[in-house]
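Analysis of the macromolecular model
Listed here are the chains, written in short residue letters.
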Amino acid sequence: MKNKLREHETLRTIAQALSFAFHNGYISGWTHGKISNGTNKGFCVPGLNCYSCPGAVGACPIGSLQAGLNGFEFKAVLYVLGFIGIIGILCGRLVCGWICPFGLVQDLLYKIPVFKKKKSIKGHKYLKYLKYVILVIFVILLPMIVLNKGGVGEPWFCEWICPDGTLLGGIPLVISNESLRTAIGGRFIFKMTLLIVILLGSVKLARPFCKYICPLGALYSLCNPVSKYRFNVDNDKCVHCGACKNVCPMDIDVIHNPNSMECIRCGKCMNVCSNAAISSSWEDFLKKSDKKESNCSFSVDKRGIRNTIMRIVSVIFFLASIGVIFKNILFLLNGILGGFPDIAAALRVLILWFVTGIIVGIVPLIMWFDIVKNGFIPENSNDYYNFSVISLKLLIAKLILDFVGNAFSIYCLYRENVNVFNILRSLFIVNFPDIAVIVIGSFLVTLWRRRKALK
Amino acid sequence: MNNGKRKVISAILLIIFLAAFGGGIGDGVTTVYEKAAAICMECIGIG
């Protein structure tokens with residue numbers, strides 16, 4: 001069980017690190033001491049990540065909510081609350097456990113083997129409600145009521161509490177921007193002190209900020225009891241050993257309250273349970289599908305929905321194969337006619353786009369012709385499934401190779417100070433046909449498998 | 001709360017939030033952008 005838990009925690013740390021990179025992907029900001037001002041900043045990110053952070057690619061939902069409330073911008077409030085609500089109803093505090101950048105900081109600090117670890121402090125029972133008080137007073141009321149000389153409210157939580165703004169916004173900007181360094185005053189010292197207290201607290205205590213302070217966690221926690229992603233406990237399997245309660249960083253009695261408002265869905269309880277008594281709604285869904293599939297018997301029905309769907313899949317892959325080949329021929333022709341900037345660029349196009357594109361495009365094409373030659377509907381329907389899966393894998397490989405091939409272009413554009421978000425957007429547009437085929441193909445194969453299972 | 005009730009509440013809330021998000025997205029994004037595209041001095045502890 002310990003190995004399973006360790007593997008799970010490694011996976012979670014990787015997910016958190018990737019999310020941190022996603023939230024703070026504006027690399028130019030880190031190096032030049034400025035922040036992104038692209039249109040992407042109008043869109044909220046799911047985790048608590050200060051929009052004044054030099055790497056921030058999106059807007060912090062709590063900062064945005066205060067911005068809407070202090071300017072009495074009704075539509076901004078609707079937009080931000082709608083965003084938080086949709087995420088909350090779909091996955092609850094899963095964001096806190098797997099996505100939030102400041103959650104990663106706290107988790108990493110808690111791993112430092114210095115102090116004797118504690119899961120909660122005295123008065124936890126009452127202190128856990130402090131985050132709701134902070135939400136109501138500092139995020140909602142004060143920004144609306146207390147107006148400055150210009151008649152506009154201020155973001156009180158960001159100004160006086162948020163440690164993320166100090167850690168990921170204030171410190172990097174002050175280090176890299178000389179003009180900001182001269183403007184440091186009492187507020188910065190106060191916020192630095194608060195940050196140090198929270199960071200030191202995180203070494204001793206699991207997630208103190210999430211437990212007692214975070215207003216975003218408070219909003220998501222309101223959705224936890226009704227969210228789509230939830231935990232279930234099988235009382236027949238549970239032996240009441242208490243392992244889940246001992247491992248829970250939020251100090252929850254998991255067996256009695258698996259969907260507590262405090263639960264950050266880290267999944268430690270599920271992985272420490274030796275009897276697999278705790279499961280997530282996602283796992284339950286997969287298990288149900290597998291159970292149905294294992295009971296199914298195979299029969300060939302040439303007129304059935306299964307074959308109709310697989311015909312569509314076959315045609316999509318046939319068209320995709322042709323499309324991939326043509327796209328790569330066009331890339332090569334474009335390079336030849338336009339004149340490559342240098343020999344390295346020519347080789348890159350030739351190897352990564354043309355050769356891999358042709359291989360990935362031709363293989364499914366040959367398979368498709370083989371199926372046509374041996375009868376469009378093979379006797380064993382598994383052929384359709386295998387064909388689709390192989391084609392999907394090849395297309396995914398092609399997509400990965402495309403991105404690898406474009407890494408050099410990203411580097412060149414980054415050197416020219418082009419916004420990373422714009423680069424990624426261009427990459428997405430270039431690779432959109434492949435992505436679309438993979439998504440549609442995956443959906444159809446899944447649909448077909450489910451149909452097969454139900455039968 | 002039983003599972004059926006929870007599903008109904010969850011679906012109703014999801015519809016409400018989707019409607020709020022849809023209703024606010026145009027001007028809301030512009031407002032958020034105006035705030036988020038410039039450094040908030042107070043937020044980083046300066047000023």
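Residues numbered from 1 in each chain as written. Chains lettered and ligands numbered in written order. Predicted model: local features only at pLDDT ≥ 70, side-chain atom pairs only at ≥ 80, totals over all residues. Heavy atoms only, no water.

Description of the overall build of chain B
Which entries qualify depends on this criterion: Strands here are runs of E lasting at least two residues and helices are runs of H or I lasting at least four, both read from the DSSP assignment and numbered beginning at the N terminus. Between buried and exposed lies partly exposed: a residue is buried under 20% and exposed over 50% of the maximum accessible area for its type, with that area taken using a 1.4 Å probe on protein chains only. Note on areas: Shrake-Rupley, 1.4 Å probe, and residue coverage restricted to the protein chains presented here.
Broken down by element type, chain B carries one helix and zero strands. A buried classification covers 36% of the 47 residues belonging to chain B. Only carbon and sulfur atoms are counted for the fraction: they give 69% of the accessible area of chain B, which is about 2,500 Å².

Observations regarding the environment of Tyr-33 of chain B
The test is simple: Contacts are assigned to residue pairs with any non-hydrogen atoms lying within 4.5 Å of each other.
Within the secondary structure, Tyr-33 of chain B sits in helix H1 (residues 3-36). Classification of Tyr-33 of chain B as partly exposed rests on a relative accessible area of 27%. Non-local contacts of Tyr-33 of chain B, meaning those with residues more than four positions away in its chain, are made with Asn-37, Gly-38, Thr-39, Lys-41 and Gly-42 of chain A.

Some words on the packing of helix H4 (residues 74-91) of chain A against helix H14 (residues 215-223) of chain A
The packing of two helices is summarised by the inter-axis angle and the distance between the axes. Residue and element names in this part refer to chain A. For clarity, the threshold we go by: Only the stretch in contact is used when fitting a helix axis, every axis being a line fitted to C-alpha atoms; angles between N-to-C directions are given from 0 to 180 degrees. With respect to orientation, any angle under 35 degrees is reported as roughly parallel, any angle over 145 as roughly antiparallel, any angle of 65 to 115 as roughly perpendicular, and every other angle as oblique. Crossings are classed by handedness, with left-handed meaning an anticlockwise turn of the near helix from the far one by less than a right angle and right-handed meaning a clockwise turn. We call Asp, Glu, Lys and Arg charged. Ala, Val, Leu, Ile, Met, Phe, Trp, Tyr, Cys and Pro are nonpolar, and the rest, Gly among them, are polar.
Packing of H4 against H14 brings their axes to within 8 Å, and their N-to-C directions diverge by 50°. By the angle class used here, H4 and H14 are oblique. Of the two possible hands of crossing, H4 and H14 adopt the one that is right-handed. Each of Ile-84, Gly-85, Ile-87, Gly-88 and Ile-89 in H4 lies in contact with H14, whose residues at this interface are Leu-216, Leu-219, Tyr-220 and Cys-223. Taken together, the residues that form the contact of H4 with H14 break down as seven nonpolar, two polar and no charged.

A closer look at the environment of Cys-158 of chain A
Structurally, Cys-158 of chain A is set in helix H9 (residues 156-160). Along the sequence, Cys-158 of chain A and Lys-191 of chain A sit 33 residues apart, while their C-alpha atoms lie 9.9 Å from each other. Discounting chain neighbours no more than four positions away, the residues touching Cys-158 of chain A are Gly-63, Gln-66 and Lys-191 of chain A together with Glu-42 and Cys-43 of chain B.

A short note on the nonpolar core
The cut-off we apply is this: Definition used in this section: a nonpolar core is a set of buried Ala, Val, Leu, Ile, Met, Phe, Trp, Tyr and Cys residues joined via side-chain atoms within 4.5 Å.
Leu-48, Ile-62, Phe-157, Phe-209, Ile-213 and Ile-278 of chain A are the most contacted members of the largest nonpolar core, which has 69 residues in total. At seven residues, the largest contribution of residues to this core is made by H4 of chain A. Dropping the residues within four chain positions of it, Ile-213 of chain A is found in contact with Lys-131, Ile-134, Phe-157, Ile-161, Ile-198 and Pro-208 of chain A. In terms of nonpolar packing, the next biggest core, distinct from the first, is built from seven residues, Val-174, Leu-180 and Phe-188 of chain A together with Ile-44 of chain B among them.

As for the packing of aromatic side chains
All names here are of chain A. Cut-off, in case you're wondering: Working definition: a ring pair exists when centres of Phe, Tyr or Trp rings (six-membered ring for Trp) sit within 6.5 Å. Plane angles under 30 degrees give stacked, over 60 give edge-to-face, the rest tilted.
Going through the model one piece at a time under the given rule, you end up with six aromatic pairs over all chains. Judged by centre distance (5.8 Å) and plane angle (65°), the ring pair of Trp-160 and Phe-190 falls under edge-to-face. Placement of Trp-160 in helix H9 and of Phe-190 in helix H12 (residues 186-204) is noted, with a sequence separation of 30 residues between them. With relative accessibility at 32%, the residue Trp-160 sits in the partly exposed group. Under the relative-accessibility criterion, Phe-190 is labelled partly exposed at 40%. Between Tyr-229 and Phe-231, the ring centres sit 5.9 Å apart and the planes meet at 70°, which makes this aromatic pair edge-to-face.

A few points about the interface of chain B and chain A
Note the following rule: Note on terms: buried area is the combined drop in 1.4 Å-probe accessible area of two parts once they are placed together, counting the loss on both. Within this document, salt bridges are pairs made up of a side-chain nitrogen of Lys or Arg and a carboxyl oxygen of Asp or Glu, the two lying within 4 Å of each other. Definition of a polar contact: a pair of N or O atoms within 3.5 Å, with one able to donate and the other able to accept a hydrogen when the atoms are protein atoms, and with sequence-neighbouring residues admitted only if both atoms are side-chain atoms.
Contact with chain B, which involves 32 residues of that partner, is made by 47 residues of chain A. A buried area of about 3,400 Å², summed over both sides, lies between chain B and chain A, and 74% of it is on carbon and sulfur atoms. Seen at the junction of chain B and chain A, the total is one salt bridge. For the salt bridge of Lys-75 of chain A with Asp-27 of chain B, the shortest nitrogen-to-oxygen distance reads 3.9 Å. Remark: the boundary between chain B and chain A carries four residue pairs in polar contact (both at pLDDT 80 or more). A per-class count over the side of chain B that touches chain A returns 21 nonpolar, seven polar and four charged.

So, the confidence of the model for chain A
The line we're drawing: The pLDDT score gives, residue by residue, the confidence of the prediction method on a 0 to 100 scale.
When pLDDT is averaged across chain A, the result is 77; 63% of the residues are at 70 or more. The model gives residues 292-303 of chain A a pLDDT under 50, and that stretch makes 25 contacts with residues more than four places away or in other chains.

Description of helix H10 (residues 163-176) of chain A
All names here are of chain A. Defined as follows: Expected span, for any helix, means 1.5 Å times one less than how many residues it has. To obtain the bend at a residue, axes are fitted to the seven residues ending there and to the seven starting there, and the angle between these axes is taken.
Along its 14 residues, H10 runs 19 Å from first to last C-alpha, staying within 8% of the 20 Å computed at 1.5 Å per residue. Along its length, H10 reaches its greatest deviation from straightness, about 30°, at Gly-170, and the proline Pro-172 lies no more than four positions downstream. Extensive coverage of H10 is indicated by the burial of 10 of its 14 residues.

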